Amino acid sequence: MENLVLAYILIVVGLILMAAELFLPTAGVVGVVGVAGVIAGVAIAFNQSTTQGMVSVVVILVIVPSLGPVLLNYWPRTRWGKKFVLSGTDSDT
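The numbers attached to residues start from 1 for each chain and follow its sequence in the written order. Given that this is a predicted model, residues contribute local features only at a pLDDT of at least 70 and side-chain atom pairs are listed and counted only at 80 or more, while totals for whole chains, interfaces and linings are drawn from all residues. Excluded from the side-chain calculations are hydrogens and water; all other atoms, namely the structure's heavy atoms, are used.

Here we look at the overall build of the chain
Then, in step 1: To qualify as a helix, a DSSP run of H or I must reach at least 4 residues; to qualify as a strand, a run of E must reach at least 2; elements of each kind are numbered from the N terminus. Helix and strand counts for the chain come out as four helices and zero strands.
Then, in step 2: Each helix and strand of the chain, placed in order from N terminus to C terminus, yields the pattern α-α-α-α.
Then, in step 3: Its C-alpha atoms give the chain a radius of gyration of 17 Å, more than 25% over the compact-globule value 12 Å for 93 residues.
Then, in step 4: Oriented by its inertia axes, the alpha-carbon framework of the chain measures out at about 60 × 25 × 15 Å.
Then, in step 5: Relative accessible area decides the class of each residue, using a 1.4 Å probe on protein chains only: under 20% of the type maximum gives buried, over 50% gives exposed, and in between gives partly exposed. Out of the 93 residues in the chain, the part that is buried amounts to 24%.
Then, in step 6: Restricting the contact set of the chain to residue pairs at least 6 apart, pairs at least 24 apart contribute 55%.
Then, in step 7: In the structure as shown, the chain presents an accessible area of about 6,500 Å², 72% of it carried by carbon and sulfur atoms.
Then, in step 8: When charges are counted, Lys and Arg contribute as positive and Asp and Glu as negative, whereas His and the chain ends are disregarded. Positions of charges follow a simple convention, taking NZ of Lys, CZ of Arg, CG of Asp or CD of Glu. Charge separation in the chain, taken as the distance between the mean sites of 4 positive and 4 negative side-chain charges, equals 11 Å. Our radius of gyration is a C-alpha quantity, and the globule rule it is checked against amounts to 2.2 Å times the number of residues to the power 0.38. Residues count as neighbours in contact if any of their non-hydrogen atoms are within 4.5 Å of one another. We get accessible surface area from the Shrake-Rupley algorithm with a probe of 1.4 Å; when it comes to residues, only the shown protein chains can shield them.

In structure tokens, the structure reads:
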């Protein structure tokens, strides 16, 4: 059972690191570590049982696409996002 807890901790930390990649200028290092954490967590969950592994994959496939647009909507309001996103004038419309 403790392996399953470790798997879910790795998945959550990996998802947090992938979200942090939008806000931290790390040239992809934090994102790669996040993806590796998610993959390791799913592998541990599959090692525990196939059902737990499939549940983990389904949850990730639901969370990532639904959380992605929320973070991308928030990103232009951050300090780093303001540097990368151009703001148009109101007269352009």
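What about helix 3 (residues 50-74)?
Then, in step 1: Under the convention used throughout, the expected extent of a helix is 1.5 Å for every residue step, that is, one less than its residue count. If you check helix 3, its first and last C-alpha atoms are 36 Å apart, about what 25 residues at 1.5 Å a residue would give, namely 36 Å.
Then, in step 2: Working definition for bend: take the seven residues up to and ending at a residue and the seven starting at it, fit an axis to each, and measure the angle between the axes. At Gly 68, helix 3 shows its largest kink, close to 25°, and the proline Pro 69 lies no more than four residues downstream.
Then, in step 3: All buried positions along helix 3 are accounted for by Gly 53, Ser 56, Ile 60 and Leu 71.
Then, in step 4: Packed against the buried residues of helix 3 are helix 1 (2-20) and helix 2 (29-48).

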